[in-house]
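As a plain string of letters, each chain reads:
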Amino acid sequence: MGNNEVEKVPKEVPLKVFVQRDYSLGTECKFDTSYPTKLEDVVPRETFTDTINKINELFARAEELNCPTYTEGCLSCMTGYLLYFCIETRYTKEMKQISMFVQRQNDEIYHPRGVHVVEPMLRGLRCIEFIVYPKPNKRV
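Residues numbered from 1 in each chain as written. Predicted model: local features only at pLDDT ≥ 70, side-chain atom pairs only at ≥ 80, totals over all residues. Heavy atoms only, no water.

(A) Up close: the packing of aromatic side chains. Within this structure, the stated rule accounts for five aromatic pairs. Judged by centre distance (5.5 Å) and plane angle (70 degrees), the rings of Tyr-35 and Phe-48 are edge-to-face. Of this pair, Tyr-35 sits in the loop between β1 (15-20) and α1 (45-62) while Phe-48 sits in helix α1, and the two are 13 residues apart along the sequence. Accessibility classification places Tyr-35 together with Phe-48 in one group, the buried group. Pairing Tyr-110 with Phe-130 gives two aromatic rings, centres 5.8 Å apart and planes at 70 degrees, and the pair type is edge-to-face. Of this pair, Tyr-110 sits in helix α4 (residues 90-110) while Phe-130 is found in strand β3 (residues 127-132), placing the two residues 20 residues apart along the sequence. In terms of burial, Tyr-110 and Phe-130 fall into one category: buried. One aromatic cluster is present, formed by Tyr-35, Phe-48, Tyr-110 and Phe-130 through successive ring pairs. (Phe/Tyr/Trp six-rings, centres within 6.5 Å; stacked < 30°, edge-to-face > 60°. Helix = DSSP H or I, 4+ residues; strand = E, 2+ residues; numbered from the N terminus. Buried < 20%, exposed > 50% of the residue type's maximum accessible area, 1.4 Å probe, protein only.)

Laid out in structure tokens, this is it:
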């Protein structure tokens, strides 16, 4: 380098891949399982599909209408919604399960591959974001 020359180092920006909601069956929270081509060299198709299917399954369980859900709703209405100061809703519990699942997937599968999966709750349940970080160039 010469006088006051600055070496230009290209900054690599991480690649962001978004998996959108699937509204084909209505407004239930379900994400598209089609494999994005931008993830081909980074994440195996089966791993991606398993992750999305499990997230879809957890959301289906969270939105399921059953006896405990109706009981919780009736009790909360009868107590003027003061019940929610004392207990955690089933939906909230399931959202925590989804957060823990995504974190486990990141730790065990995606982070070693240089990928980070952003929780759908942080994107307003509109999409699941996969951030692919560039591999560092090793200069000799």
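(B) Representation of the nonpolar core within the structure. Ranked by size, the top nonpolar core spans 25 residues in total, and within it Phe-31, Phe-48, Phe-59, Ile-128 and Phe-130 carry the most contacts. Of all elements in the fold, only β1, α1, α4, β2 (115-118) and β3 reach the threshold of two or more residues within this core. Looking at this core element by element, the count peaks at six residues for α1. For Ile-128, the residues in contact, after removing those within four places along its chain, are Val-17, Phe-18, Val-19, Phe-31, Ile-52, Ile-55, Val-117, Val-118 and Pro-120. (Core = buried A, V, L, I, M, F, W, Y, C linked by side-chain atoms within 4.5 Å. Contact = heavy atoms within 4.5 Å.)

(C) Spatial organisation of the pattern of salt bridges. Counted according to the given criterion, the structure contains five salt bridges. Here Lys-16 makes a salt bridge to Glu-129, at a shortest N to O gap of 3.7 Å. Within this pair, whereas Lys-16 is found in strand β1, its partner Glu-129 is found in strand β3, the two being separated by 113 residues in sequence. Arg-61 serves as the salt-bridge partner of Glu-94, at 3.2 Å between the closest nitrogen and oxygen. In this pair, Glu-94 sits in helix α4 while Arg-61 sits in helix α1, placing the two residues 33 residues apart along the sequence. Taking the relative accessible area as the measure of exposure, Glu-94 reaches 11% and is therefore buried. (Salt bridge = Lys/Arg side-chain N within 4 Å of Asp/Glu carboxyl O.)

(D) Structural view of a nonpolar patch on the surface. On the surface, Tyr-81, Tyr-84 and Ile-87 cluster together into a nonpolar patch covering about 290 Å² of accessible area. Note that Ile-87 resides in the loop between α3 (83-86) and α4. (Patch = residues over 30% accessible without salt bridge, like charges linked within 9 Å, V, L, I, M, F, W, Y side chains within 5 Å. Areas by Shrake-Rupley, 256 points an atom, 1.4 Å probe, with all protein chains shown as cover.)

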